[in-house]
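# Chains, contacts and geometry: an overview
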Amino acid sequence: NRAISVLDALYKTSSCFSMGKFQGGTLLRGSSADRSPFLLTDQVFHKSIILILQDEDDFTMGLLLNHPYARSVEFVVHTQSTNSNDDDDDDDIEEIIEIPQRYGGKFGVKGEEEKPSFWFHYSETLRDAQIGEPLSKKDYRGIWKVEENEVLNAVRSGIAGEHDFMAVNGLTIWPK
């Protein structure tokens, strides 16, 4: 599965923890080594991979990454046929690409439940092209957040393929 290759790449990113707070872009892995009071109420965290977006004094915000959704995001990509001798639009090639979505948590934008809330990449080529922005201001080589239009433009231009991106729907907030 191509989405797994992005998840595997996310494991390789460095995590940052300083001054008692997690930096954006830090990956945490839930385990079942010790019993947790959350095990019965929030089982979705059991053995989860969590990407920290923001850690403040009164809350932490993050995304669950290893819970796939049943649906994908579909894009229609149009390219001009190389066999065309005129400017006729009938020679366009239409390709549908699918990017699997991940369940990031129970919070989202009301009315936008079908759309991913977040897009990410971990691609050196996309970083060099300045597509998106790094989650961590301390680690330029880590995970980058991108917008949906940047995903579509990168795929249309041939800089990236659907396997270079991860779409996550929803987020999780933990009060402290």
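Attention in this report is confined to the structure presented alongside it.

Judged by nonpolar contacts, the single largest core of 16 residues is most densely connected at F75, I99, W119, V151 and F165. At the level of secondary structure, the elements contributing two or more residues to this core comprise β6 (68-80), β7 (92-103), α3 (148-157) and β11 (165-169). The element best represented in this core is α3, accounting for 4 residues. Setting aside chain neighbours within four positions, we find W119 in contact with V73, F75, I99, W144, K145, V146, E147, E148, V151, F165, M166 and A167.

Burial analysis of strand β4 (residues 49-55) places 6 of its 7 residues in the buried class, which makes it a mostly covered element. Relative to β4, strand β3 (residues 27-29) is paired through 3 bridges, and the arrangement is antiparallel. The residue bridging R29 from the neighbouring strand is I49, located in β4. Hairpin connection from β4 to strand β5 (residues 59-64): 3 residues lie between these consecutive antiparallel strands.

This part covers the pattern of salt bridges. Per the stated rule, a full pass over the model turns up 1 salt bridge. With a shortest N-O distance of 3.4 Å, K145 and E147 are connected by a salt bridge. Take E147: its relative accessible area is 44%, and that puts it in the partly exposed class.

Procedures and definitions
Every residue gets a number counted from 1 within its own chain, in the order that chain's sequence is written. Totals for whole chains, interfaces and linings use every residue, but because this is a predicted model, local features are given only for residues with pLDDT of at least 70 and side-chain atom pairs only at 80 or more, for both listing and counting. Only hydrogens and water are set aside when side-chain values are computed; all heavy atoms of the structure are taken into account. In this text, buried Ala, Val, Leu, Ile, Met, Phe, Trp, Tyr and Cys residues form a nonpolar core when linked through side-chain atoms within 4.5 Å. With a 1.4 Å probe rolled over the protein chains alone, any residue whose accessible area is under 20% of its type maximum counts as buried; one over 50% counts as exposed, and the rest are partly exposed. Secondary structure elements are defined from DSSP: runs of H or I of at least 4 residues count as helices, runs of E of at least 2 residues count as strands, and each element is numbered from the N terminus. Should any heavy atoms of two residues lie within 4.5 Å, those residues are considered in contact. Should DSSP find at least two bridges between two strands, the strands are taken to pair. A carboxyl oxygen of Asp or Glu within 4 Å of a side-chain nitrogen of Lys or Arg is what we treat as a salt bridge.

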